[in-house]
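# Remarks on the overall topology
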Amino acid sequence: SPNPCAARMANEANKKLLLKNQAYLARLLYQILSCNAIYCVYRVWYHWDSFSRWHITGELLMLCLYFAMYRFLASAASPRHAPLAQGGALISAGSDLDSKGVIEYTWDLLYTTMFVQLATGLLSDWFALVAVVPPCIGFY
């Protein structure tokens, strides 16, 4: 018969991972909203006279990127539970958002997107060229 103590310890690890992933996603959402708020307040409101269709297109593209990457990380970190008829216990906490591979690349893209958004909003539109670097690395 399986050791109930070992099963309980494994479930504790799943619960800790679940809480850690939820904290990461909450912090990420706060960072995304903060970057967009800073960009909108400074670039759109303060520099409205130089805000063009290109800026609107760039902001919409960044919003789409943020949405896609956030949804990917949230999907990777989504927990699985047993059916309610079987008690609804936590089966899996989802992928660890600290893991290597595609999840790590997604974090890199998110931070690059945040840098590009803030740098183009606060410093110079030329920082938008930094957004070309990750696809070049990917093609290399």
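The present account deals with the structure reproduced in this document. (Residues numbered from 1 in each chain as written. Predicted model: local features only at pLDDT ≥ 70, side-chain atom pairs only at ≥ 80, totals over all residues. Heavy atoms only, no water.)

Helix and strand content of the chain: 4 helices and 2 strands. What you see in the chain, going N to C, is helices and strands ordered as α-α-β-β-α-α. Relative to the globule expectation of 14 Å for 140 residues, the C-alpha radius of gyration of the chain, 20 Å, shows a markedly less compact shape. With the C-alpha coordinates aligned to their principal axes, the bounding extent of the chain is approximately 70 × 35 × 20 Å. The buried share of the chain, taken over its 140 residues, is 26%. Long-range contacts, defined as pairs at least 24 residues apart, comprise 63% of the intrachain contacts of the chain with a sequence gap of at least 6. Split by element, the accessible area of the chain, about 9,700 Å² in all, is 69% carbon and sulfur. (Helix = DSSP H or I, 4+ residues; strand = E, 2+ residues; numbered from the N terminus. Rg over C-alpha atoms; globule rule 2.2 N^0.38 Å. Buried < 20%, exposed > 50% of the residue type's maximum accessible area, 1.4 Å probe, protein only. Contact = heavy atoms within 4.5 Å. Areas by Shrake-Rupley, 256 points an atom, 1.4 Å probe, with all protein chains shown as cover.)

By the definition in use, this model includes 4 salt bridges. Asp98 is paired through a salt bridge with Lys20; the nearest N and O atoms lie 3.2 Å apart. In this pair, Asp98 is assigned in the loop between β2 (90-92) and α3 (102-122) and Lys20 in helix α1 (residues 4-46), connecting sequence segments 78 residues apart. Close ionic contact of Lys100 with Glu104 constitutes a salt bridge, the shortest N to O distance being 3.7 Å. We classify Lys100 as exposed; its relative accessible area is 66%. The class for Glu104 is partly exposed, based on a relative accessible area of 31%. Ionic contacts of the salt-bridge type, sharing partners, join the residues Lys20, Asp96 and Asp98 into one network. (Salt bridge = Lys/Arg side-chain N within 4 Å of Asp/Glu carboxyl O.)

The biggest cluster of nonpolar side chains holds 18 residues, and the ones touching the most others in it are Leu28, Tyr66, Leu73, Leu97, Trp107 and Leu110. Of all the secondary-structure elements, those providing two or more residues to this core are α1, α2 (53-76) and α3. Ranked by residues supplied to this core, first place goes to α2 with 6 residues. For Trp107, the contacting residues outside a window of four places in its chain are Tyr24, Leu28, Leu73 and Leu97. (Core = buried A, V, L, I, M, F, W, Y, C linked by side-chain atoms within 4.5 Å.)

Turning next to the layout of surface pockets. Quantified by volume, the largest pocket comes out at close to 480 Å³. Looking at the largest pocket, it is lined by 21 residues, and the ones nearest its centre are Gly58, Met62, Val116, Ala128 and Ala131. Listing elements by their share of the lining of the largest pocket, those giving two or more residues are α2, α3 and α4 (133-139). Considering every element that reaches the lining of the largest pocket, the biggest residue donor is α2, with 9 residues. By volume, the second largest pocket is sized at about 200 Å³. Those elements giving two or more residues to the lining of the second largest pocket turn out to be α3 and α4. The residue inventory of the lining of the second largest pocket, partitioned by class, reads 5 nonpolar, 2 polar and 1 charged. (1 Å grid on protein atoms, 1.4 Å probe; cavity = no way out; pocket = protein on both sides within 12 Å on 5 of 7 lines; lining within 4 Å. Points joined across faces, edges and corners; volume = space filled by probe spheres on them. Nonpolar A, V, L, I, M, F, W, Y, C, P; charged D, E, K, R; others polar.)

Bear in mind that shape data such as this cannot, by itself, settle questions of function.
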